[in-house]
Amino acid sequence: MQKTILSLLAAGTALASPVVQHQPASQPAHRPVYRPVSSNFTVLSAPSNRTASGNLTALVTDGISSCSSTWMAIPDVQIGAGTDQRKSYTSAVNLFCSLADGKTVKSQDYLSMATEVFLNDGKNPLTYGLLGYVYFEIHNKLSSTHTVDAANCRKFLGTLSAAGGQCFGTTNMDTKGGTYQSGTNGVSYHALGEIVPPKQDALNKLLPTTVLGTQSINTGSGAPLNPWPLDSLNSVLPIACHSHNDYDHTIPVFQALSAGCISMEADVWLFSGDVIIGHILPTLGRTLRAQYVNPLKAIIDHNGGSVYKSRPGQSLVLLVDFKTSDSGTLDAVVKALDPLRQAGYLTRLEGGVLVKGAVTVVASGSAPFDRIASGNGVPNRDIFYDANLGGLSGSNYTSQNSYVASADFQDVVGSASSASLTAAQISTITNHVSQAHARGLVARYWNLPGEYLWEPLAALGVDLLNTDDLSNTARLPRTL
């Protein structure tokens, strides 16, 4: 396999940076209509006094000078059919202004903070969205100091979410945030939504003399985030979602956990004695240990032994899809998992008894079933197989060698253009799930025709719902 990858490099295939994979087209969604943004659009700067054509215009005084572009829910959001709650823009503003009250901002200086907020991408926040951040900054451009008053702070930042205002979304009652200008070229109050946490130590704490910047997401030889926003996930409740091709999401690991997924997938290739991540082609240096094992260990250490602080007993499935069939692939995966193993965090088989750990590793794709079933090369028996959900009858798959049973939905069940399944399809799914559960296995389908099938599949007992759009999981009840 190493020669194959080297030949691709020689052919001009660039593997030094992450490969952008093809993602299934999302389902058409109604896009809300918003009021137009003001013409003097600026972000994190003094408002412009020129139009796009260069003509002079009046500076904005005591009003909105710009709207940003990332939509945030305004009131606190009850997601998962009312089973969980996410923090809104209003709650974030109240927190920031309370902490900033009475603080002095020097001339030409800043006071900043970032905090969690629910980002809904301009869609219905009750059913769509994901944990993100809002960056607050007070920029004092006066020649004198500025003392923050909580009431005025809430008034200024609240204007950005005021109903009927230029930054307000009329359909879903959300806001794009932006900049409020107090006085002519005086003090700017900024509130900007971001997917990525800040690179500074400014989460839920005030940081003076600093303009916040987003982290650079590492899709190479390190953890996706550094520093990791460990406490941002404290209140997240887990749900039965599987983050399909997790490494292709904007922030691997983190976004799947912020959605509450109890399973995530990493495709690996053997190269130079290690396993590197990628789907069609791997990314050199992007190892399983750097991108998944080490971050998961840090999260579990922080939470006192569990991935989800809200559900200490919930094990996370790390499904490792073997893209190379070389015998060394399993050996390299075993080695990569060692930090989790040494910490006692892996689910394992001891004397024929399954001992649950914080992480359950499941090998799929070209993984060798015989070696995993016998423990050959897996001395701690802490890697399990992804059984064939459509071929359980008469097979050797048991809870002693497997953990998940998966199948291509469209191959074994058929097509479905809506959430309505035929009687024959329901019978097939019921049979598959019954066989899996009888063997103590977790049932999963991949290659779903659409995520509109989640609810009927869950109702039929499917344990893991294949997920490509993590924001869609907001509609799933938190019932685990």
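As a starting point, this report considers the structure included with it.

**Here's the deal with the overall build of the protein**
At step 1: Assigned secondary structure in the protein consists of 11 helices and 25 strands.
At step 2: Taken over 480 residues, the protein has a buried fraction of 53%.
At step 3: Entry remark: accessible area of the protein is about 19,100 Å², with carbon and sulfur atoms responsible for 51%.

**A word on the nonpolar core**
At step 1: The biggest cluster of nonpolar side chains holds 84 residues, and the ones touching the most others in it are Leu288, Ile383 and Tyr445.
At step 2: Sorting elements by how many residues they give to this core places helix H5 (residues 288-302) first, with 6 residues.
At step 3: Not counting the four nearest positions on each side in its chain, isoleucine 383 is found in contact with Leu330, Val333, Val334, Leu337, Val361, Ala363, Ile372 and Val378.
At step 4: Among the nonpolar cores identified, the runner-up in size contains 27 residues, and Phe136, Leu157, Leu160 and Cys167 belong to it.

**Here we look at the packing of H5 against helix H6 (residues 327-336)**
At step 1: Packing of H5 against H6 leaves a shortest axis separation of 10 Å and a crossing angle of 40 degrees. As the angle between them shows, H5 and H6 are arranged oblique. On H6, the residues that touch Leu288, Arg289 and Val293 of H5 are Val333, Lys335 and Ala336.
At step 2: By residue class, the composition of the contact of H5 with H6 is 4 nonpolar, no polar and 2 charged.

**Regarding the layout of surface pockets**
At step 1: Of the voids in this model, the second largest pocket is the one considered here, and its volume is about 280 Å³.
At step 2: Taken together, 14 residues make up the lining of the second largest pocket; nearest its centre are Ala240, Ala458, Leu465, Pro477 and Thr479.
At step 3: Only strand E14 (239-243) and helix H11 (454-459) provide two or more residues apiece to the lining of the second largest pocket.
At step 4: Of the residues belonging to the lining of the second largest pocket, the class tally is 10 nonpolar, 2 polar and 2 charged.

**Quick word on the packing of aromatic side chains**
How two aromatic rings sit relative to each other is set out by the distance from centre to centre and by the angle between their planes.
At step 1: Evaluated as defined, the whole model comprises 10 aromatic pairs.
At step 2: Taking 6.5 Å as the distance between ring centres and 50 degrees as the angle between the ring planes, the aromatic pair formed by phenylalanine 384 and tyrosine 403 counts as tilted. Here phenylalanine 384, found in strand E22 (residues 383-388), pairs with tyrosine 403, found in strand E23 (residues 402-408); they are 19 residues apart in sequence, far enough to count as distant. When sorted by exposure, phenylalanine 384 lands in the same class as tyrosine 403, which is buried.
At step 3: Through pairs of rings, three or more aromatic residues link up here, namely Tyr133, Trp228 and Phe254.
At step 4: One cation-aromatic arrangement involves lysine 123 over tyrosine 128; the distance from NZ or CZ to the ring centre is 4.2 Å.

**Focus on empty space enclosed by the protein**
At step 1: Within this structure, the stated rule accounts for 2 cavities of 30 Å³ or more.
At step 2: Put simply, the largest cavity is a space of about 40 Å³.
At step 3: In terms of lining, the largest cavity is formed by Leu230, Leu233, Asn234, Ile299, His302, Asn303, Val307 and Lys309.
At step 4: Among the residues forming the lining of the largest cavity, the class breakdown is 4 nonpolar, 3 polar and 1 charged.
At step 5: As for the second largest cavity, its lining consists of Ile79, Arg86, Phe118, Gly129, Leu130, Leu131, Ser258, Ala259, Thr473, Ala474 and Arg478.
At step 6: Counting residues per element, the ones that place at least two in the lining of the second largest cavity are strand E7 (130-140) and helix H4 (254-259).

Reading the values: the criteria
- Residues numbered from 1 in each chain as written.
- Predicted model: local features only at pLDDT ≥ 70, side-chain atom pairs only at ≥ 80, totals over all residues.
- Heavy atoms only, no water.
- Helix = DSSP H or I, 4+ residues; strand = E, 2+ residues; numbered from the N terminus.
- Buried < 20%, exposed > 50% of the residue type's maximum accessible area, 1.4 Å probe, protein only.
- Areas by Shrake-Rupley, 256 points an atom, 1.4 Å probe, with all protein chains shown as cover.
- Core = buried A, V, L, I, M, F, W, Y, C linked by side-chain atoms within 4.5 Å.
- Contact = heavy atoms within 4.5 Å.
- Axes fitted to C-alpha atoms, helices over the stretch in contact; angles between N-to-C directions.
- Parallel < 35°, antiparallel > 145°, perpendicular 65-115°, else oblique.
- Nonpolar A, V, L, I, M, F, W, Y, C, P; charged D, E, K, R; others polar.
- 1 Å grid on protein atoms, 1.4 Å probe; cavity = no way out; pocket = protein on both sides within 12 Å on 5 of 7 lines; lining within 4 Å.
- Points joined across faces, edges and corners; volume = space filled by probe spheres on them.
- Phe/Tyr/Trp six-rings, centres within 6.5 Å; stacked < 30°, edge-to-face > 60°.
- Lys NZ or Arg CZ within 6 Å of the ring centre and 35° of its normal.

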